[in-house]
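Letter by letter, the chains look like this.
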Amino acid sequence: QVPEKKLKLVMADKDLYKACAVEVKRQIWQDNQALFGDEVSPLLKQYILEKENILFSNDISFLQNFFSPSPKTRRQGEVVQKLTQMIGKNVKLYDMVLQFLRTLFLRTRNVHYCTLRAELLMSLHDLEISEICTVDPCHKFTWCLDACIREKFVDNKRARELQGFLDGVKKGQEQVLGDLSMILCDPFAINTLALSTIRHLQDLVGQDTLPRESPDLLLLLRMLSLGQGAWDMIDSQVFKEPKMEAELITRFLPLLMSFVVDDHTFTVDQKLPSEEKGPIPYPSTIPEAFTKFLQENRIACEIGLYYILHITKQRNKNAFLRLLPALVETFSDLAFSDIFLHLLTGNLTLLSDEFALEEFCTSLFDGFFLTACSRKENVHRHVLRLLLHLHHKVAPAKLESLQKALEPTKQSGEAVKELYNQLSEKLELRKPSPAEVTETPSMELPLPTVPTPASR
């Protein structure tokens, strides 16, 4: 403990302040929020930048994506470790960081701040800093959710635990819901809840059970709803759970299940001996209700997008092309968000052979990506990332028209221009040199005669 007078002397001398031990700095920071903010701010910027770099990385793979690192690995990151060290056991500094994160989340709507909120708490948990963990009312909930994120699935036992925490929010303590919603808004949490929802729906198809009869599924939706409503809740300061729309459960989810059934039926039909086969084409129309739900209901949209990621990962080209048109207009343009496009481009590498087909490329590029490229720079970047990875699979004529369509404009940012130049260089290297072209023999030459095998 350094006397107040000495702390003031230290603060007055920049070099002395810089050379201080972190234990002394904590004493200065806890009564100087602005100074602490100046120290924390560059770290938060660095954190957001690191997340965005992963989403836009040129390495595209369905095996290694944004969600691949385990929670424990993520908490070893430089920013989380530095913040943990700066906070130490000081509850006041911890509260200040949380306040910064809430404010920035409100100002920017950037969900990566929600990830940092959970990672910071769990980093303190790893170090067994009970001074902070026991006073953060979200600690046990976050700890349980962290285990689910590690497994990428919410099992029944943990679902009951999570439900217990949500039901245990007492009257007068509703503000805790704001923090819980922020923890559930972390993309890693949303990813886990959405993947679990898709798995549950498939199980229900096998059990001939309707969504409304599954308490586990209803709990997943309740948590998705809380996470998706985080920004509105913190902004409005009205701390109550969002109301679940009955139609989501009675109409939208059964609709998704009917798609699963369509797939099964088609697959079974393909395996029948040819004389029993009906000429059943794969259903190509989308029910109007599905498109409407994706446009108007945030949770339906999130689940719908994850279902599309699921069928892409299964290399189900028919189902993918059928549902793709529904993505052009979605709730607050979710289908053009970086996380979805990052996952979609990774999963599309599994369908790489389809890129040789005109119909597939037209549906994917002209029907989806290019509808947003001119108004959304991030979409432009994701398309270029995908083509850098798969250009050798695309038919030359199509590639040429895509190269024209994706040319950067004067307004385009540096990242788009850089990617476009990389792509152009790659395509230039693939063109045969003029010398090679002239040397190829003309097709009019007589074919050499091949001796026929002697008849036995």
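The chain is annotated in an unreviewed UniProt entry as NELFB factor of Pardalotus punctatus.

1. Observations concerning the packing of aromatic side chains
Applying the stated criterion across every chain, the model contains 17 aromatic pairs. When the ring of F252 is compared with that of F293, the centres are 5.3 Å apart and the planes differ by 55 degrees; the resulting orientation is tilted. A residue pair is termed long-range when its members are at least 10 positions apart, and F252 in helix α16 (residues 246-271) and F293 in helix α17 (residues 288-296) qualify at 41 residues. When sorted by exposure, F252 lands in the same class as F293, which is buried. When the ring centre of W231 is taken as reference, the NZ or CZ atom of R109 above it lies at 3.5 Å. Of note, R381 hangs over the ring of F56, and the distance from its end group to the ring centre comes to 3.7 Å.

2. What to know about the nonpolar core
Counting 141 residues, the largest nonpolar core has F252, F355, L364, F365 and F369 as the members making the most contacts within it. With near-sequence residues (within four places) excluded, F355 lies in contact with L348, F360, C361, L364, F365, L386, L390, K393, V394 and A395.

3. Brief notes about the side chain of S196
Relative to the elements of secondary structure, S196 occurs in helix α13 (residues 187-207). S196 sits in the buried class, given a relative accessible area of 0%. Once residues within four sequence positions are removed from consideration, S196 is found in contact with K152, F153, V154 and L220.

4. Examining the environment of T192
Tracing the sequence through the fold places T192 in helix α13. Residues T192 and F153, 39 residues apart in the sequence, show an inter-C-alpha distance of 5.7 Å. Beyond its immediate stretch of four places on either side in the chain, T192 contacts C148, I149, K152, F153 and V154.

5. Brief notes about the layout of surface pockets
If you add up the space inside the largest pocket, you get close to 1200 Å³. In terms of lining, the largest pocket is formed by 48 residues, of which the most central are V111, Q228, R298, S332 and L334. Of all the secondary structure elements, the ones that give two or more residues to the lining of the largest pocket are α4 (33-55), α7 (91-108), α13, α14 (215-228), α15 (230-236), α18 (298-313) and α20 (338-348). No other element matches the 6 residues that α18 contributes to the lining of the largest pocket. Taken together, the residues of the lining of the largest pocket break down into 23 nonpolar, 12 polar and 13 charged. Of the voids in this model, the second largest pocket is the one considered here, and its volume is about 460 Å³. Forming the boundary of the second largest pocket are 17 residues, of which N65, K152, N191, L195 and K313 lie nearest the centre. Considering every element that reaches the lining of the second largest pocket, the biggest residue donor is α13, with 5 residues.

Parameters and conventions
- Residues numbered from 1 in each chain as written.
- Predicted model: local features only at pLDDT ≥ 70, side-chain atom pairs only at ≥ 80, totals over all residues.
- Heavy atoms only, no water.
- Phe/Tyr/Trp six-rings, centres within 6.5 Å; stacked < 30°, edge-to-face > 60°.
- Helix = DSSP H or I, 4+ residues; strand = E, 2+ residues; numbered from the N terminus.
- Buried < 20%, exposed > 50% of the residue type's maximum accessible area, 1.4 Å probe, protein only.
- Lys NZ or Arg CZ within 6 Å of the ring centre and 35° of its normal.
- Core = buried A, V, L, I, M, F, W, Y, C linked by side-chain atoms within 4.5 Å.
- Contact = heavy atoms within 4.5 Å.
- 1 Å grid on protein atoms, 1.4 Å probe; cavity = no way out; pocket = protein on both sides within 12 Å on 5 of 7 lines; lining within 4 Å.
- Points joined across faces, edges and corners; volume = space filled by probe spheres on them.
- Nonpolar A, V, L, I, M, F, W, Y, C, P; charged D, E, K, R; others polar.

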